[in-house]
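# Architecture at a glance
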Amino acid sequence: MKLINRKPSRPVRVILGILPFLLLLVLYLGASNARLAENPNDKLLPALSTIGAAIERMAFQPDKRSGDVLLWRDTFSSLGRLAVGVSISAACALILGVLMGAIPFARAKLSPLVTAVSLVPPMAILPVLFIVFGLGEVSKIVLIVIGITPFMTRDLLQRVREIPPEQLIKAQTLGANTWQIIVRVILPQILPRLIAAVRLSLGAAWLFLIAAEAIASTDGLGYRIFLVRRYLAMDVILPYVIWITFLAFVVDYLLRRVSLFCYPWFHSQAKEND
Amino acid sequence: MHNNIFARAILGTTIALLFACSDKSPAPATSEATPTPVASAPAEKFKVCWSIYVGWMPWDFGAQQGIVKKWADKYGIEIEVTQINDYIESINQYTAGEYDGCTMTNMDALTIPAAGGVDSTALIVGDFSNGNDGVVLKDKTELADIKGQNVNLVELSVSHYLLARALESVGMSEKDVTVVNTSDADMVAAYSTDSVSSVVTWNPLLSEITAMPGATKVFDSANIPGEIIDLMVVNTKTLSEHPALGKALVGAWYEIMSTMNGDSDAAVAARTFMGGASGTDLAGYDAQLASTKMFYKPAEAVEFVKSDKLKTTMQTVAEFSFAHGLLGEGASDASFIGVETPAGVYGDSNNIKLRFDPTYMEMAATGSL
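Cut-offs used in this document
Residues numbered from 1 in each chain as written. Chains lettered and ligands numbered in written order. Predicted model: local features only at pLDDT ≥ 70, side-chain atom pairs only at ≥ 80, totals over all residues. Heavy atoms only, no water. Helix = DSSP H or I, 4+ residues; strand = E, 2+ residues; numbered from the N terminus. Buried < 20%, exposed > 50% of the residue type's maximum accessible area, 1.4 Å probe, protein only. Contact = heavy atoms within 4.5 Å. Areas by Shrake-Rupley, 256 points an atom, 1.4 Å probe, with all protein chains shown as cover. Rg over C-alpha atoms; globule rule 2.2 N^0.38 Å. Lys, Arg positive; Asp, Glu negative; His and termini not counted. Charge placed at Lys NZ, Arg CZ, Asp CG, Glu CD. Buried area = accessible area lost by both parts, 1.4 Å probe. Salt bridge = Lys/Arg side-chain N within 4 Å of Asp/Glu carboxyl O. Nonpolar A, V, L, I, M, F, W, Y, C, P; charged D, E, K, R; others polar. Pairing = 2+ DSSP bridges. Core = buried A, V, L, I, M, F, W, Y, C linked by side-chain atoms within 4.5 Å. Phe/Tyr/Trp six-rings, centres within 6.5 Å; stacked < 30°, edge-to-face > 60°. Lys NZ or Arg CZ within 6 Å of the ring centre and 35° of its normal. Patch = residues over 30% accessible without salt bridge, like charges linked within 9 Å, V, L, I, M, F, W, Y side chains within 5 Å.

## Quick notes on the overall build of chain B
What chain B contains, in helices and strands, is 16 helices and 14 strands. Here chain B holds 369 residues, and the buried ones make up 55% of them. Within chain B, residue pairs in contact and separated by at least 24 positions form 75% of the contacts whose partners lie at least 6 positions apart. Approximately 14,400 Å² of chain B is accessible, and the part contributed by carbon and sulfur atoms is 53%.

Below, the structure is given as structure tokens:
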């Protein structure tokens, strides 16, 4: 039997999936032990017990200075910013994408602008954002919005234009006006694709969030990482990175469940396999 | 046959993963790259790093003009001098063992390498900040007006320490303000936005900000002279095994000091060079030097290191650092890490990780290098 036709059974698949993580862990422990043997206070690759103590301190004990439990406060601040930023972006992208996809005049008017804006690297205009929006919450959210809206818009525009023209013609022969076509034909088909676009842009959204928090902040996951970097506290940085990865995974998973639940037809059609 | 293919598949995956893993974990590579000067090779090579700051520009000048090389040759070693753009990254690299020596302040020397278990020696005490770090208020003129404001600064840096000392001087504490961590690269732009009413920063950013409208410097390091000290820190183990490194670095440093001090053509040329390399000009560099107490003569530095004041300064710094969680996981109190000074040891004498050792500077003072 050819290799391409051989499928691993479920237990083998699980084992193969876990293997790289185990290997990483073993590599880390080996390197960490080697460094700690030389210098027991080494901060670069702390022992698991040190990381455990840091997690205990960050996630379960109130901070000496502020009295807050830092990990949770950071998580809520960051997730709040992310939610607001991504929601605004999704709303803008949906409105602009549908408008530009459905109405040629809107497309002619806005498409060059959206394309141009999507090509501006958001990090490059960061100093400008600060001057215009200040250093507070607004500029952090604006950075996320500027970062992900244009390419979500372009994606949705493309998806709207991929709707078979037969559907639009049929709706028109049945007497639908422009508004009805947008609301009854285009929108229902675009919503699951909006969720897909949000899922794809979440990675970038996290990147912009953490970049903004690194520059000026009083809390947040990115803030904490860049703060403790000042004294090489890898025992805090590593759990934070894993926590961010986990949060990103959970958000992505939830969006997928929502999409599966609300738009089962989309998933059977798209044969999405993730 | 089946088993064979299966085994090969596993083997292939494992190898691929190993490669993937080795890409993703630079840490083991770092540990391999740790210089082991223990093995005594014929012409020993040492690496030191520095970052841009008024008191450290001489290293650049000395390296470019071959003064460092001259002294290294004299002691039969090689010294590579590297500039690192990011100050904190330079200290992290030193702590990780990539460099044998690095420029840093006394507070960072205590909280990064020493707290990380790297036994470090302050080989050269180059200067202390005498106005180079300051607290600036916008549209207010009294330090007491800072109450209730947002203060933008690089958190956990000497700016944070300066703020704590400033607040102390008017009977307030950090609870009376909100500290907003702000990257030094964005400090000047931050000050020009409406939401920022107070910043703490260092030169050359400080002089740019105080030149802006409404800015008043209400407290600076001249109010706490001798507490923010700029050092050349080297690994204690490397230094004790290779005294030649200490001798060459100190010899080169004081030759540069005597070159740049004064009004001679050579001194002006040296300072013009340093000003240019730090992004300003002779006048700008001289202005920064005016708020820096440089120890041009080794005897001055030796006297400073031997004074009792240094020990109490390190105690203040250690207490601040402990209160902000900078001394590491195992620290039970501020005296967890021992700091050795000629006036005595502050903290745990069984855990000395930072040493102020004037031996080499004394050699320079007596001309025996």
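## Digging into the overall build of chain A
Across its full length, chain A carries 11 helices and one strand. Counting from the amino terminus, helix and strand elements in chain A follow one another as α-α-α-α-α-α-α-α-β-α-α-α. Computed over its C-alpha atoms, the radius of gyration of chain A comes to 24 Å, more than 25% above the 19 Å expected for a compact globule of 274 residues. Structurally, chain A occupies a C-alpha span of about 80 × 65 × 30 Å along its principal axes. Put simply, chain A has 274 residues, and 42% of those count as buried. Considering only contacts in chain A between residues 6 or more positions apart, those separated by 24 or more positions represent 69%. Summed over its atoms, the accessible surface of chain A is roughly 14,900 Å², and 70% of this surface lies on carbon and sulfur atoms. Averaging the positions of the 28 positive and the 16 negative side-chain charges in chain A gives two centres separated by 9 Å.

## Some words on the interface of chain A and chain B
At the junction of the two partners, chain A supplies 39 residues and chain B supplies 54 residues. Together chain A and chain B conceal approximately 3,900 Å² of surface at their shared face, both sides included; 62% is due to carbon and sulfur atoms. It is R65, R230 and Y231 of chain A in chain A that bury the most area against chain B; as a group they hold 19% of the surface buried on that side. At the junction of chain A with chain B, the criterion picks out three salt bridges. Among the ionic pairs, R230 of chain A bridges to D108 of chain B, the shortest N-O distance being 3.7 Å. Where the side of chain A that touches chain B is concerned, the elements lending two or more residues are α1 (10-38), α2 (48-60), α5 (126-133), α8 (178-215), β1 (216-217) and α9 (221-228) of chain A. A breakdown of the residues in the side of chain A that touches chain B according to their chemical character gives 23 nonpolar, six polar and 10 charged. With two bridges joining them, β1 of chain A and strand β7 (residues 178-182) of chain B adopt antiparallel strand pairing. By the bridge assignment for β7 of chain B, S217 of chain A is matched with N181 of chain B.

## A few points about the environment of V117 of chain A
All names here are of chain A. For V117, the location among the structural elements is in helix α4 (residues 104-118). Overall, the relative accessible area of 37% leaves V117 in the partly exposed class. Separated by 30 residues in the primary sequence, V117 and G147 place their C-alpha atoms 9.4 Å from one another.

## Observations concerning the nonpolar core
Grouped together as the largest cluster of nonpolar side chains are 177 residues, with contacts concentrated most on L110 and F356 of chain B. The leading source of residues in this core is α8 of chain A, at 16 residues.

## Brief notes about the packing of aromatic side chains
Tallied over the full model, the rule gives 13 aromatic pairs over all chains. Summarising the aromatic geometry, the rings of W56 of chain B and Y87 of chain B are spaced 5.6 Å apart at their centres and angled 25° between planes, so their arrangement reads as stacked. On the criterion of sequence distance, the pair formed by W56 of chain B in the loop between β1 (45-50) and α3 (57-64) and Y87 of chain B in helix α5 (residues 87-96) is long-range, its members being 31 residues apart. In this pair, the class of W56 of chain B matches that of Y87 of chain B, namely buried. Three or more aromatic residues joined by ring pairs make a cluster, and in this case those are W72, W243 and F246 of chain A. Positioned above the aromatic ring of Y99 of chain B, the side-chain terminus of K47 of chain B is 5.0 Å from the ring centre.

## Quick word on a nonpolar patch on the surface
All names here are of chain A. A grouping of V14, I18, L22, L25 and L48 is seen on the molecular surface, where their side chains present a nonpolar patch of about 420 Å² in accessible area. For the nonpolar patch, the element with the highest residue contribution is α1, accounting for four residues. Looking at where I18 falls in the secondary structure, it is placed in helix α1.

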